[in-house]
Every structure is written in C-alpha cells, then in structure tokens.
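Given next are the chains, with one letter for each unit.
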2 protein chains.
Amino acid sequence: MQNYNHYLNLINEAIGNIKYPEQPAQLYAPIAYTMSLGGKRIRPVLTLMTCEAMGGDPSHAINAALGIELFHNFTLLHDDVMDRALVRRGKPTVHVKWNDNVAILSGDAMLTMATQIVSRVDDDLLRPILDLFNTTAMEIYEGQQWDMDFEQRSDVTVDEYINMIRLKTSVLLGCACKAGAIVAHADERNASLIYNMAVNLGLAFQLQDDYLDVWGDPATFGKETGGDISNNKKTFLLINAMNRATGDDATELEQWLNIDESFHEQKIAAVTAIYERLGLKELSRQAIEDYSQRAINLLAQVDMSDDARQAFQALIAKLINREK
Amino acid sequence: MQNYNHYLNLINEAIGNIKYPEQPAQLYAPIAYTMSLGGKRIRPVLTLMTCEAMGGDPSHAINAALGIELFHNFTLLHDDVMDRALVRRGKPTVHVKWNDNVAILSGDAMLTMATQIVSRVDDDLLRPILDLFNTTAMEIYEGQQWDMDFEQRSDVTVDEYINMIRLKTSVLLGCACKAGAIVAHADERNASLIYNMAVNLGLAFQLQDDYLDVWGDPATFGKETGGDISNNKKTFLLINAMNRATGDDATELEQWLNIDESFHEQKIAAVTAIYERLGLKELSRQAIEDYSQRAINLLAQVDMSDDARQAFQALIAKLINREK
C-alpha cells in the first residue's frame, strides 16, 4: 500500500488530464474551474486505496475515482446555488463568478460527464458500478432535500438528522470505497463491509465538523468558528439542544435563535455556553467516538493485509482526530 | 406496424407506472408533476416505432423510450428555470409552483432517474445505449448554452443557428430513433441512417416552429403568434433578417428591436412585414422543405418493410405539415 499523497497525486494528475471542449466556453470553463479548486480528494483516494487493499490494480479504478470526484464537485456547485454561497475553497462560487444559469447548466453537464467517466470500466463491471453510482446519487439528492426541509422545521429529531447526513455526505464515501472493491472484484461481503466502514466514517466526520464549528481552534480549523450558531444551522448540536433544553435554557436558546445579527459575537458565546450546560460537548465527542469505533470494527472484518488495514486506520485517524 | 396512438398509449402507461418514493415529497412530487403534464411524447414513440420497424420487440425498448422522455422533461424543467418561464403545457412551471431550489434539485434527480431507466436494457446493450444517451445529453447542454450565448450576440450566422437547434433539439430525436435501432440489434448503417433521418426531421420541425410563430393560424397553432418577434428571440427568421436587411429595412428593424413593449401589436405587424419584404416566408418554407426531403431520402435508404416506412412517412407528414 502507498500513502495518501501517492493516491492523491494519481487523482490530481487524472484531473489535470481531463480534456474539456473549448466551446461553448461558458459551459465547460466553470467545470474546469470547479475541478481546479482543489480539496482533499478523500473520495477518489478511498476508491484507489480500497481497490489496492482488495488486491486490484488501482490504475484500473482511476476512472471510477475520477467520476465520483466529478460528481461530488457537481453537488457542491448546485448546492452553492441553492444555498446562495459566495465562496468555495477561498474562491468565488460559479454562480457568483458567472451567473445562476451558467451554474445550473454547467452542473448538469458535470453530472453527465461524471456518469460518462465512471462508465469507463471493463464491460463486466459497468452495470454494478453504474447501479452503485446512480443509487448513491439519488440518496444524495434526498439528503440535500431533507437538509433544506429541516431548515423550515423546528421538530427535527436526532435520528432524522443522522439519516440526513448519512444520505447527504456519508453514502458517497461508501460508494467511493465500494467502487474500488468492485473494480478489484471483491466479493459482496467485503464490498459491503468496506461500504459500511466508510458510511460510519462519514457520520463521524460530519459530526466532528459540527463539533469543530463550535469548539475547534480557528487557527487549525482553517475557518472562523461559530458560523453554524450564527446561521441557526440545524446541526447535531442545535437539534440536541432544542430537544433537551428546558426552563431558562429553552427560553434563552429561543431568544438567541431569533436575535438580529448585530449580536453575532454574544450569540456565539451564549449558545456555546448553553450547549456546554446541556452536556453536548461530551455527547458530541461520544457520538464521534462511537461512529469512528464502528468504522474501525468493520474495517477489522474486511479481508485485507495488515499493511492495507494500517493505511485505512491511519486515514481514519487523520480524518477524525483532525483539527481542521 | 401500429399507429402513433398505439405507441403513445404504451408510453403513457409506462409513465403512469413509474413508482416515485413518497419522501422527501419536495424532491419527487415535482418529477411526478412534470411527467403528468402530458405532451406529444414524440421521442419515446420514435424509439418504439424504430425498434419495431427494425425487427425488434418494442416492449424491449420501453425503458430506453421512457428514460429518453424523462430526460427530455428534465431539460424542460431546468430550461424553464433559466428562461424564467411561468407556464409549461398550460400549467405553472416547477420553479413557480414550488421554488428555484426545488426545481434545480428535482431536475438533478430526474436526470439521474432518466439514466437509471435507460440503463434497464439487456447487458449487451447497456454500453451502446448509455454512450448514446450521455453523448446526446452533452450535445443538448451545448445547444442550450449556445442558445443563451446567442441572446447576447448580434452577429449570429444562419449556420451557427442551425447548429444550435441541431444540438438543442434534433439530436434527441436522433437518439430516440437510434436507441430503438440498438434494441432491435440493427446494424450500424441502418442505425446511422435512422439517426440522421430524425436529426433532419428535427431541424425541419424547429424551423417550422419559428415559421408558425409568425405565420401560423393562432386557432390551430394553439398559442398566440408573434411571441418570438415580441421577445426579439433569435430565430431563423430574425437572424436571416439581421443578415439580409439593408437601407431602410435595416434601420426600421433595428428600431423595432429596441422599442418598448407597449408597441407590442405594431411591432409584430411591422417586423412580419419586414420579414415578408426580405422574402423570408419563402426562404423559410424552402428550408423546411429541404430538411424534410432529406429526412424522407434517408428514410428511403433504411432497410425496413414498406408498411414500416409508410408509418414513418405518415409521422413526418404529421409533424411537418402540422398547423400546430
């Protein structure tokens, strides 16, 4: 097994080698721009690592990996339109740099390109890879729709939230691993184990994202903390707080949720204090630990060399004990 | 061979049998709504007709036909967002009935569903069907982008316009026919001939749409005429007029293109008169005739029974000599 950067370099090379037609420029330039913004490339790295760990040749999985990364970036592009996000990876989002129509249409083209690229596998793998990819895509749209629905609701349960993040973010990590397993001709048992490992890793990762937004060190987290609190984002923490707060805590939380944004700093401090009084820092750490442990337990059951397993363990540690 | 309504009924039955998950409702209800709005279903009918004409069993082509119709309706859904269209087939568009975000996301889901449905073919047909479908989808996005680009340009050539409508509307008719040919295991020669037949038919059809918007009978055309003129839409007629008008005609055309919309009625009458002075009614009829004739000539070269060929000839006549 190679290290993360080895697979990352393979992916970045493949991304650099994508040939976009020159015209119409407004269709293809936003796709090239989006793919050039970088990122951790976790999903395609997982595809290549899984393929190699399960005895396959990772070079045979490069198109599946690349297509999944393109798909992931398509979802970010359209999500940024829906969320009216101005910045992505420190650069203007596509709908800001161009306009909404360009973002919608180039996103559509990116989805079809992603489908074309994942389809560049041996004929006997085409159907399982394509079915996995399309099923996962549908789950991700469902997750995004639930996320938007939850913004309008005040009665979201923790289970509903976990299901939403599973759909919106975790199943694509599962898909990335399973695609690598399929290319390596792994059996169904191993493919399912690594899929479920990645789904649990994804849940731990997303819950940690919610945690770091409140208790992360801005210097290492890479962005200002408190953004979720400021925006009343329905995270694991806010949903638990809304479900658990009683008496004065409930009244105070309700007031902060409706306060005007000039009280930004005070709101972050006060809501963080409520979270801490409700024990959510510990609850949250425990949930992250539980999902991470499930991922590690599933990994232990997969047939792979000790060397390969250590590489995955290192990746889990890197993703979960991250400070950014 | 059966008649148009026979194939139409098969398609409408298949559309009625699509099972949409109940939740999340805002993701799936807009898809069901869009598919329930009806329409001529020309594309899936072409798939079934071609399959039968080339010796295949049309019931084996129903998923390819259905997926293509779903894809077509996805493009309308997203185009309506981009064009800010309020009405589609006499009903509110999805972004009006729900909102832009619902329209974007349910459109994305519709594209993936379309890909899933066209993929429900025998394993040996999966790659050719999928490649045809994805290649066509990319061409259609290019056509839509050119169409939007042309709105900002005053130097569009007739060739550029023809290429745009070929991409935006004709290749999907070609794809519909070729998909039927592939399911029928037609050889490459026959599949290409029927593809090119449909592309030429599509060009004739689109040029006729431009023609009817000016000279159609509103009672039979089914909508008010003059809409394209009123909106300065860069049709075959306006592009030819901009390229051909000289002297007073050029000055007058320029003035009408910049006039405020309270002069709606006068503008339609005046621009129509300019088109007629420039001989565009005849030029347009001739172009429609030329593309129709090419379609008929290509059809004549396809290996099929006389009965089948007559069914296609009747369809061409129905589509081109239509008054609506």
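K.L.:
Where do I start with the overall build of chain A in this structure?
P.N.:
Within chain A one finds 16 helices and 2 strands. In terms of C-alpha radius of gyration, chain A reaches 20 Å, essentially the compact-globule figure of 20 Å for 324 residues. Within chain A, buried positions represent 48% of all 324 residues. Here the analysis covers contacts within chain A between residues at least 6 apart in sequence; of these, 73% occur between residues at least 24 apart.

K.L.:
Even after reading the chapter, I still don't get unusual backbone geometry, so can you show me in this structure?
P.N.:
Only a minority of non-glycine residues have a phi that is not negative, and only a minority of peptide bonds are not trans. Residue and element names in this part refer to chain A. The peptide bond linking Gln-23 to Pro-24 adopts the cis configuration, its omega dihedral lying at -10 degrees. If you check the backbone angles, Arg-41 has positive phi at about 55 degrees while not being a glycine. Here Arg-41 shows up in the loop between helix H2 (25-36) and helix H3 (42-53). In this model, Arg-84 sits at a positive phi of 55 degrees, which is unusual for a non-glycine residue. For Arg-84, the location among the structural elements is in the loop between helix H4 (62-83) and strand S1 (87-88). You can call Arg-84 exposed: it has 11 C-beta atoms within 10 Å.

K.L.:
Sorry if this is basic, but what is going on with the interface of chain A and chain B here?
P.N.:
At the interface, 30 residues of chain A touch 30 residues of chain B. Elements with a minimum of two residues in the side of chain A that touches chain B: H2, H4, helix H6 (100-118) and helix H7 (123-151) of chain A. It is H7(A) that provides the largest number of residues to the side of chain A that touches chain B, a total of 14 residues. Its residues placed into classes, the side of chain A that touches chain B shows 15 nonpolar, 10 polar and 5 charged.

K.L.:
For this particular structure, what's the right way to read the confidence of the model for chain A?
P.N.:
Fine structural detail should not be taken from predicted coordinates in areas where pLDDT scores are low. For chain A, mean pLDDT is 95; residues scoring 70 or higher make up 98% of the total. Under the prediction, the complex receives an ipTM of 0.95, its pTM being 0.96.

K.L.:
Please clarify how the relation of the copies chain A and chain B should be interpreted in this entry.
P.N.:
Here the second copy of the chain follows from the first by a rotation about an axis and a shift along it. Of the two same-sequence chains, chain A is brought onto chain B (RMSD 0.0 Å, axial shift 0.0 Å) by a rotation of 180 degrees. When the rotation and shift are considered jointly, the pair of chain copies conforms to a two-fold rotation axis. Taken as a fraction of all interface residues of chain A, those also at the interface in chain B reach 100%, which identifies the copy contact as same-surface.

K.L.:
Hey, could you run me through the nonpolar core in this one?
P.N.:
Here is a general trend for soluble globular proteins: nonpolar side chains tend to be buried in one another's company. Counting residues in hydrophobic clusters, the biggest one holds 197 residues, and the most contacted among them are Ala179(A), Ala198(A), Ala179(B) and Ala198(B). Contact partners of Ala198(A), with chain neighbours within four places excluded, come to Leu46(A), Leu173(A), Gly174(A), Ala176(A) and Cys177(A).

K.L.:
Explain the environment of Ser36(B) to me, please; I cannot follow it from the model alone.
P.N.:
Note on placement: Ser36(B) falls in helix H2 (residues 25-36). Measuring from C-alpha to C-alpha, the distance between Ser36(B) and Gly16(B) comes to 8.1 Å, with 20 residues separating the pair along the chain.

K.L.:
Sorry if this is basic, but what is going on with the packing of helix H8 (residues 158-183) of chain B against helix H9 (residues 188-215) of chain B here?
P.N.:
A packed helix pair is summarised by two numbers, namely the angle formed by the two axes and the spacing between the axes. Residues and elements named next belong to chain B. Packing of H8 against H9 brings their axes to within 7 Å, and their N-to-C directions diverge by 140 degrees. As judged from the angle between their axes, H8 and H9 are oblique. Here H8 and H9 pass one another in a crossing that is right-handed. Split into classes, the residues belonging to the contact of H8 with H9 amount to 16 nonpolar, 7 polar and 2 charged.

K.L.:
Looking at this structure, I do not really get the environment of Gly55(A). What am I missing?
P.N.:
Residue and element names in this part refer to chain A. Along the chain, the position of Gly-55 falls in the loop between H3 and H4. The exposure class of Gly-55 is partly exposed, given the 15 C-beta atoms found within 10 Å. Residues Gly-55 and Val-183, 128 residues apart in the sequence, show an inter-C-alpha distance of 9.6 Å.

K.L.:
Would you explain the packing of H6(A) against helix H4 (residues 62-83) of chain B in this entry?
P.N.:
Where H6(A) meets H4(B), the closest approach of the two axes is 9 Å, and the angle between their N-to-C directions is 160 degrees. Judged by the angle between their axes, H6(A) and H4(B) are roughly antiparallel. Where H6(A) crosses over H4(B), the two elements pack in a sense that is left-handed. On H4(B), the residues that touch Asn101(A), Ile104(A), Leu105(A) and Asp108(A) of H6(A) are His78(B), Val81(B) and Met82(B). A breakdown of the residues in the contact of H6(A) with H4(B) according to their chemical character gives 4 nonpolar, 2 polar and 1 charged.

K.L.:
Would you mind showing me how to read the environment of Ala184(A) here?
P.N.:
All names here are of chain A. Mapped onto the elements of the fold, Ala-184 is located in the loop between helix H8 (158-183) and helix H9 (188-215). Sequence separation between Ala-184 and Leu-315 is 131 residues, and the spatial gap between their C-alpha atoms is 20 Å. Residues in contact with Ala-184, not counting those within four places in the same chain, are Cys-51, Met-54, Gly-55 and Gly-56.

About the cut-offs
- Residues numbered from 1 in each chain as written.
- Chains lettered and ligands numbered in written order.
- Predicted model: local features only at pLDDT ≥ 70, side-chain atom pairs only at ≥ 80, totals over all residues.
- Helix = DSSP H or I, 4+ residues; strand = E, 2+ residues; numbered from the N terminus.
- Rg over C-alpha atoms; globule rule 2.2 N^0.38 Å.
- Buried ≥ 20, exposed ≤ 12 C-beta atoms within 10 Å, placed from the backbone.
- Contact = placed C-beta atoms within 7 Å.
- Nonpolar A, V, L, I, M, F, W, Y, C, P; charged D, E, K, R; others polar.
- pLDDT = per-residue confidence, 0-100.
- Least-squares fit on C-alpha atoms with pLDDT ≥ 70 in both.
- Core = buried A, V, L, I, M, F, W, Y, C linked by C-beta atoms within 7 Å.
- Axes fitted to C-alpha atoms, helices over the stretch in contact; angles between N-to-C directions.
- Parallel < 35°, antiparallel > 145°, perpendicular 65-115°, else oblique.
- Left-handed = near helix turned anticlockwise from the far one by under 90°.

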